[in-house]
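# A structural walkthrough
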Amino acid sequence: VMTSCNGCIVKLIRYQGLAAHAGSSPHKGINALNAAHIALAAIHAQRETFKDEDAIRVHPIITRGGDLVNVVPADVRLETFVRGKTNEAIMDANIKVDRALRAGAMAIGAKVEIDTLPGYMPLRDDRAMQKLFMQNARALFGAEECTEIGHRTGSTDMGDISHIMPAVHPSMSGASGISHGNDFMISDKEMAYSAPAKALALMAVDLLYDNAEKAKDIQAQHKPIN
């Protein structure tokens, strides 16, 4: 089980320049790809201003870099997440990212459109539910196979749930390779599929036993996150 994980917002960026022949008359164009390049460099220059304790992650990609190799790129698009441990940290990093994105456009004379969309709220696991899950996991797999870890820098929609009601987002083994990598695969189907179902079923029994006394107690102690 983890203590918490990052929340995130989603950003869609479009740079608009002016198309021209890249060989014979590049001076007549406005290179939107150069604007994006400067913006990415400006984002990288901000990284030393991100506090370690805020666990900021900004990882943009270019989803459109132009149309033809002999045309000055006039329509360039990027996407990125801005992740962080708290909403305050996310919004602070977002201001810096937006500033860098606008700077790229200003330097080249291009136009930029920035759409910022809601992503996920930061996850905060309920401590009582963590303990309950770990009790059942230890009973199933042994104490030496169960670990409590701190903050994780990925994001999940369970973060939204944890802001309004008690929640726990445990993880289990059963996979090999790099997460999101092309070598990622389920290598132990019993551990990946059956084991989580068993642990959660046992946890549900504990929560619902004796007229759901444990569940009611957890609900009563839980305070929604502002």
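Located above this text is the structure these notes cover.
Just so we're clear, the structure is a prediction, and the values are computed from it rather than from any experiment.

Counting residues in hydrophobic clusters, the biggest one holds 23 residues, and the most contacted among them are Tyr15, Val58, Leu78, Val82 and Leu101. Here this core takes 7 residues from helix α2 (residues 87-108), the largest share from any one element. When sequence neighbours within four positions are dropped, the list of residues in contact with Val58 reads Ile43, Arg47, Phe50, Thr80, Phe81, Val82 and Val97. Counting 14 residues, the second largest nonpolar core, distinct from the first, contains Met129, Leu132, Phe133 and Ala137.

Quick look at the state of the cysteines now. Covalently bonding the sulfur atom of one cysteine to the sulfur atom of another cysteine gives a disulfide. Applying the stated criterion to the full structure yields 0 disulfides. The cysteine Cys5 is free of any disulfide, with Cys8 supplying the nearest cysteine sulfur at 9.3 Å.

We now examine unusual backbone geometry. Here the phi dihedral of Asp210 falls at roughly 55°; this positive angle occurs in a residue that is not glycine. Structurally, Asp210 can be placed in helix α5 (residues 189-221). At Asn211, a position not held by glycine, the phi torsion is positive, near 60°. Mapped onto the fold, Asn211 is located in helix α5.

We now examine the side chain of Ser162. In this fold, Ser162 is placed in helix α4 (residues 158-162). Of the polar contacts made by the side chain of Ser162, one reaches the backbone nitrogen of Arg124; its length is 3.2 Å. Those residues in contact with Ser162 that sit more than four places away from it in its chain are Pro122, Leu123, Arg124, Ala167, His222 and Ile225.

The interhelical angle for the contact between helix α1 (residues 32-46) and α2, taken along N-to-C directions, is 145°, at an axis separation of 7 Å. In this structure, α1 meets α2 at a crossing whose hand is right-handed. Of α2, the residues touching α1 (which contributes Asn34, Ala35, Ile38, Ala39, Ala42, Ile43 and Gln46) are Lys96, Val97, Arg99, Ala100, Leu101, Gly104, Ala105, Ala107 and Ile108. Of the residues in the contact of α1 with α2, the class split is 11 nonpolar, 3 polar and 2 charged.

For the rest of this paragraph, the subject is the side chain of Asn6. Among the secondary structure elements, Asn6 is positioned in the loop between β1 (2-5) and β2 (7-16). Looking at Asn6, its side chain comes within polar contact range of the main-chain oxygen of Thr153, at 3.2 Å.

This paragraph deals with a nonpolar patch on the surface. On the surface, Ile161, Ile164 and Met165 cluster together to form a nonpolar patch covering roughly 280 Å² of accessible area. Within the element layout of this structure, Ile161 appears in helix α4.

Analysis parameters
- Residues numbered from 1 in each chain as written.
- Predicted model: local features only at pLDDT ≥ 70, side-chain atom pairs only at ≥ 80, totals over all residues.
- Heavy atoms only, no water.
- Core = buried A, V, L, I, M, F, W, Y, C linked by side-chain atoms within 4.5 Å.
- Buried < 20%, exposed > 50% of the residue type's maximum accessible area, 1.4 Å probe, protein only.
- Helix = DSSP H or I, 4+ residues; strand = E, 2+ residues; numbered from the N terminus.
- Contact = heavy atoms within 4.5 Å.
- Disulfide = S-S within 2.5 Å.
- Polar contact = N/O pair within 3.5 Å; in protein donor to acceptor, adjacent residues only side chain to side chain.
- Axes fitted to C-alpha atoms, helices over the stretch in contact; angles between N-to-C directions.
- Left-handed = near helix turned anticlockwise from the far one by under 90°.
- Nonpolar A, V, L, I, M, F, W, Y, C, P; charged D, E, K, R; others polar.
- Patch = residues over 30% accessible without salt bridge, like charges linked within 9 Å, V, L, I, M, F, W, Y side chains within 5 Å.
- Areas by Shrake-Rupley, 256 points an atom, 1.4 Å probe, with all protein chains shown as cover.
- Salt bridge = Lys/Arg side-chain N within 4 Å of Asp/Glu carboxyl O.

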